[in-house]
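Descriptive structure summary
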Amino acid sequence: MNYRGRFAPSPTGHLHFGSLVAAVGSWLCARHAGGQWLLRVEDMDPPREMPGSAESILAALPAFGLVADAPALFQSTRIGAYDAAFEQLKAAGQVFPCWCSRNDLAGGLHLDGHCLAKPDEGRTPAWRIRVPDIEIRFDDVLQGPQVANLRTTAGDFVIRRVEGYYAYQLACVVDDAFQGITDVVRGNDLLDSTPRQIYLQRCLGLSTPRYLHLPLALDGDGRKLSKSERAHPVDPTDPMPALRRALAFLDLPPVPGAQNPSALLAHALAHFDPARLPHCSERAAA
Ligand SMILES: [Zn+2]
């Protein structure tokens, strides 16, 4: 199958350095493979979203030379597909309603395969998927062989929330399949979501893409940059400094003479080899 990659931001703010690294990394991998690069706006969590953020991010990407091969897919338009996946899991007896409060779980995992709280007709339940005691293994292109026992790391995880929104894990899996994604390139903060996503792919009869988790960008104090830098977005009206920093973060050689983002990316692409990306889980942004 031809390579199809994607960048899938959540519209919780403007494009920041951490998400620019993920965008540049996924774009380079897709173009290096002669494949397509697609966009998806993960707008499934309205309380966390910032009005205008999706438009701001989608407008910023071309300013950094990152042009997608198709219009962005918005998850808010895909509820019917998530309903269908949910019904498929329900028909197979793989999900159960859960009325547990945070107190019921006492900070631990939900492990019993059924809810221990009393059903409450007056309250909408969350829905969880029943997780067996199995190890999920996959080879991350950059981070190497991974193994996680779903029961001890995730437990029966939520796929539809009390508020009625579908959980990130379900929406992501359904849309990666819908968009024909062969290769997921994203930040290492999502590495621990991958076993849950692979399990959902198996339950839904979907194929599993290859995964490549890029090092996570940290600030000088060792905090995840996407959190601390939320107030300091990258500037699409002056894209060269941030783009140079993003390429340096990915260990691409500097290009002193490049006049614009497209020239900078073309040079980076000519020198790009996914095997030479930094093999660490996190690193400080320059
Ligand atoms: Zn429960």
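Quick note: structure is the one above.
So, here is what we can say about the structure in this document. (Residues numbered from 1 in each chain as written. Predicted model: local features only at pLDDT ≥ 70, side-chain atom pairs only at ≥ 80, totals over all residues. Heavy atoms only, no water.)

The full count for this structure, using the stated rule, is 6 aromatic pairs. Measuring from centroid to centroid gives 6.0 Å for Tyr82 and Tyr166, while their planes differ by 65°, and the two rings are edge-to-face. One end of the pair, Tyr82, is in helix α3 (residues 79-91); the other, Tyr166, is in the loop between β8 (158-160) and α6 (168-178), with 84 residues separating them in the sequence. Overall, Tyr82 belongs to the buried group, its relative accessible area being 0%. Their ring planes at 85° and their centres at 5.3 Å tell us that Phe86 and Trp127 sit as a pair that is edge-to-face. Highlighted residues: Phe86 in helix α3 and Trp127 in strand β5 (residues 126-129), separated in sequence by 41 residues. Residue Phe86 is classed as buried on the basis of its relative accessible area, which comes to 1%. Members of the aromatic cluster, each reached through a chain of ring pairs, are Tyr82, Phe86, Trp127 and Tyr166. The ring of Phe178 is capped by Arg78, whose NZ or CZ atom sits 3.7 Å from the centre of that ring. One cation-aromatic arrangement involves Arg160 over Phe86; the distance from NZ or CZ to the ring centre is 4.5 Å. (Phe/Tyr/Trp six-rings, centres within 6.5 Å; stacked < 30°, edge-to-face > 60°. Helix = DSSP H or I, 4+ residues; strand = E, 2+ residues; numbered from the N terminus. Buried < 20%, exposed > 50% of the residue type's maximum accessible area, 1.4 Å probe, protein only. Lys NZ or Arg CZ within 6 Å of the ring centre and 35° of its normal.)

In this section: the state of the cysteines. The tally for this structure, following the rule as stated, stands at 0 disulfides. Of all cysteine sulfurs, the one in Cys280 lies closest to Cys29, which takes part in no disulfide; the gap is 15 Å. No disulfide involves Cys203; its sulfur sits 15 Å from that of Cys172, the nearest cysteine. (Disulfide = S-S within 2.5 Å.)

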